[in-house]
Amino acid sequence: MTEMLTATGGPALPQSRRVVTAIPGPKSQALMARRKAAVADGVGGTMPVFVEHAGGGVVVDVDGNSFIDLASGIAVTTVGISEPRVVSAVQEQAAAFTHTCFMVVPYAGYVEVCEALNRLTPGTHAKKTALFNSGAEAVENAVKVARRHTRRQAVVVFEHAYHGRTNLTMALTAKNAPYKDGFGPFAPEVYRVQTSYPFRDGKDGATAAREALLKIEKEIGATNVAAILIEPIMGEGGFIVPAPGFLPALREFCDANGIVFIADEVQTGIARTGAWFACEHEGVVPDLITIAKGVAGGLPLSAVTGRAEIMDGIHTSGLGGTYGGNPLACAAALAVIETIEADGLLGRATEIEALLRGRLVGIAGEAGGRIADIRGRGAMIAIELVKPGTTEPDPQAVSAVVAHCHANGVLVITAGTYGNVLRFLPPLSISDELLNEAMDILGEGFATLR
Ligand code: PLZ
């Protein structure tokens, strides 16, 4: 086990799985009752336990149960929860000043984060960045920038896409329940076309792209399109990796038609897939990239980074917000970027991919045809579950395996339009030992289905 130190130099959390009560334990049960009474029912929940401490590769609950973390708070704590460098940076910043509003009195941290993202995003062209709070807010602003630049309105999005829960981003998101049900009317001028989903459509990237682009030309008209917005790997949609060639074909179409190519890298960005950004795996350089989640180690921060001439097409004060690029979040982001670079975490994501894929192939071999697809990149890997011998989604099997994992100290989450995808998003600070132990429990979970 690797010895870890906290930011204050004290001993870190023991890196082990430990189940000492029924899940949830008594303290979590009491808090769940208070939650039920005080928190709006509409706020979703995965785990019935409340956290007390977390770090490295574990989340420890108020009853002393220690869960192996395969969720990273939905792909946020890529460098680990409370990573020591992030903790010190935030502590120092909090003591200096918590907020002035960058639009009122600016601070260097904001500029430094923009410089870093301009450097780290794909492409050698001149870039500019603006900072916001959430992924949805970044996506909304990218659309604003693209519309202003092109003086066009239509935005093209894809089946299985997820872009957020605000009014515009609900319109951009594909799946109805739970995200959109009853929340309309939705924003206009959003058009959805088919994506590339190799497991389900069996098409190569060029064919899938040709069909999507034909639909755009015939039903929307290329000259009406401000932006094509796509996640390079669909996140909430189930870690759908488009067939090779699909993203480059969209990129080419954007070039040929003066359309802004926006990569939503909110979930895939910042080392998650073994590259700084997932579109690098396909050699695609977006015009605009939306960034959030992993960028600030758990503090709320998001960004739009893109071609300087497109970003600067917006009039002064056309972009902003009270909290965008909050100083604590900027300090955290700079520490996250430093940690990824200093600890070689891009390579670690690739190692995690190899370990998970190896174990999942083994588990699939024993799972009687229930695991029909293993996919993803880096530390963003998923399995799609079907009724054996068919391609029919099996969300019940997912629920049963997840319940086994949760009861046995492994924190996993699901995804997919059909609710039949189990996704693994471990922090890059997790040990091989914990990953292997989590895969053992997962294998046991599948064994209970037989
Ligand atoms: N774009 C690609 O993955 C957030 C959603 C969790 P916010 N995904 C997790 C939930 O159920 O609300 C996401 C994403 C992509 C945009 C977003 C939105 O990011 O920070 O949640 O607004």
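Bear in mind the structure is a predicted one, so any value in this text is a computation, not a measurement.

How each quantity is defined
- Residues numbered from 1 in each chain as written.
- Predicted model: local features only at pLDDT ≥ 70, side-chain atom pairs only at ≥ 80, totals over all residues.
- Heavy atoms only, no water.
- Near = heavy atom within 4 Å.
- Polar contact = N/O pair within 3.5 Å; in protein donor to acceptor, adjacent residues only side chain to side chain.
- Nonpolar A, V, L, I, M, F, W, Y, C, P; charged D, E, K, R; others polar.
- Core = buried A, V, L, I, M, F, W, Y, C linked by side-chain atoms within 4.5 Å.
- Buried < 20%, exposed > 50% of the residue type's maximum accessible area, 1.4 Å probe, protein only.
- Helix = DSSP H or I, 4+ residues; strand = E, 2+ residues; numbered from the N terminus.
- Domains from an automatic or database assignment.
- Contact = heavy atoms within 4.5 Å.
- Buried area = accessible area lost by both parts, 1.4 Å probe.
- Salt bridge = Lys/Arg side-chain N within 4 Å of Asp/Glu carboxyl O.
- Pairing = 2+ DSSP bridges.
- Axes fitted to C-alpha atoms, helices over the stretch in contact; angles between N-to-C directions.
- Parallel < 35°, antiparallel > 145°, perpendicular 65-115°, else oblique.
- Left-handed = near helix turned anticlockwise from the far one by under 90°.
- Expected span 1.5 Å × (residues − 1).

### Describing the site of the ligand
Gly135, Ala136, Arg165, Asp264 and Gln267 are the nearest of the 15 residues found near the ligand. Take tyrosine 162: an N or O atom from its side chain is 3.3 Å from an oxygen atom of the ligand. Within the side chain of glutamate 236, an N or O atom sits 3.4 Å from a nitrogen atom of the ligand. Its residues placed into classes, the shell around the ligand shows five nonpolar, five polar and five charged.

### Let's talk about the nonpolar core
The biggest cluster of nonpolar side chains holds 96 residues, and the ones touching the most others in it are Leu70, Ile228, Leu360, Ile383, Phe424, Leu442 and Phe446. Here this core takes nine residues from helix 11 (residues 327-342), the largest share from any one element. Both of domain 1 (26-69 + 344-447) and domain 2 (87-342) provide at least three residues apiece to this core. If sequence neighbours within four positions are ignored, phenylalanine 424 has contacts with Leu70, Phe239, Leu356, Leu360, Ala379, Met380, Ile381, Ala382, Ile383, Val412, Met439 and Leu442. Membership of the second largest hydrophobic core comes to 23 residues, among which are Ala138, Leu229, Ile262 and Leu288.

### A look at the domain arrangement of the chain
For the chain, the domain assignment lists domain 1 (26-69 + 344-447) and domain 2 (87-342). One C-alpha centre belongs to domain 1, the other to domain 2; they are set 26 Å apart. Facing 32 residues of domain 1, the contacting portion of domain 2 comprises 27 residues. Of the roughly 2,300 Å² buried at the junction of domain 1 and domain 2 (both faces included), carbon and sulfur atoms supply 59%. A per-residue breakdown of the area domain 1 buries against domain 2 is headed by Leu346, Arg377 and Met380, which together make up 32% of the total. Counting across the domain 1 and domain 2 interface gives two salt bridges. In this structure, arginine 200 and glutamate 384 form a salt bridge, with 2.7 Å as the shortest nitrogen-oxygen distance.

### Remarks on the pattern of salt bridges
One pass over the structure, following the stated rule, counts 21 salt bridges. For arginine 375, the salt bridge identified is with aspartate 373, shortest N-O distance 2.8 Å. Residue class for aspartate 373 comes out buried when judged on its relative accessible area of 19%. One network of salt bridges, with partners in common, ties together Arg200, Asp373, Arg375 and Glu384.

### Considering the sheet that holds strand 15 (residues 421-424)
In space, the four strands of this open sheet follow the order 11-12-15-14, with antiparallel pairing throughout. Strand pairing shows two members of the sheet lacking a second neighbour, strand 11 (371-377) and strand 14 (413-415), which therefore form its edges. Going from strand to strand, the sheet's axes swing by 30 degrees on average, the running direction of each strand aside. Lying on the sheet, helix 13 (residues 395-407) is in contact with strand 12 (380-385), strand 14 and strand 15; it crosses strand 15 at an angle near 40 degrees.

### Observations concerning the packing of helix 12 (residues 345-366) against helix 14 (residues 432-447)
Across the interface, helix 12 lies against helix 14 with an axial gap of 10 Å and an inter-helix angle of 25 degrees. Considering their axes alone, helix 12 and helix 14 lie roughly parallel with respect to each other. Considering the relative orientation of helix 12 and helix 14, their crossing is right-handed. Taking contact as the criterion, the partners of Arg348, Ile352, Leu355, Leu356, Arg359, Leu360 and Ile363 in helix 12 are, on helix 14, Asp432, Leu435, Asn436, Met439, Asp440, Leu442, Gly443 and Phe446. A class-by-class count of the residues in the contact of helix 12 with helix 14 yields nine nonpolar, two polar and four charged.

### Details of helix 12
For helix 12, with 22 residues, the first-to-last C-alpha span of 32 Å sits near the 32 Å given by 1.5 Å per residue. Where helix 12 is concerned, the buried positions are Leu345, Arg348, Ala349, Ile352, Glu353, Leu355, Leu356, Leu360, Ile363 and Ala364. Packing partners of the buried residues in helix 12 comprise helix 11, strand 11, strand 12, strand 15 and helix 14. Count one or two residues on from helix 12 and you reach glycine 368, which has phi positive near 60 degrees.

### Observations concerning the sheet that holds strand 10 (residues 302-307)
Read across the open sheet, the seven strands follow the order 4-10-9-8-7-5-6; overall the sheet is mixed. Edge positions in the open sheet fall to strand 4 (127-132) and strand 6 (190-193), since each of these has one partner strand only. Strand-to-strand, the axes of this sheet are offset by a mean angle of 20 degrees, without reference to chain direction. Here six bridges tie strand 4 to strand 10, and the two strands are oriented antiparallel to one another.

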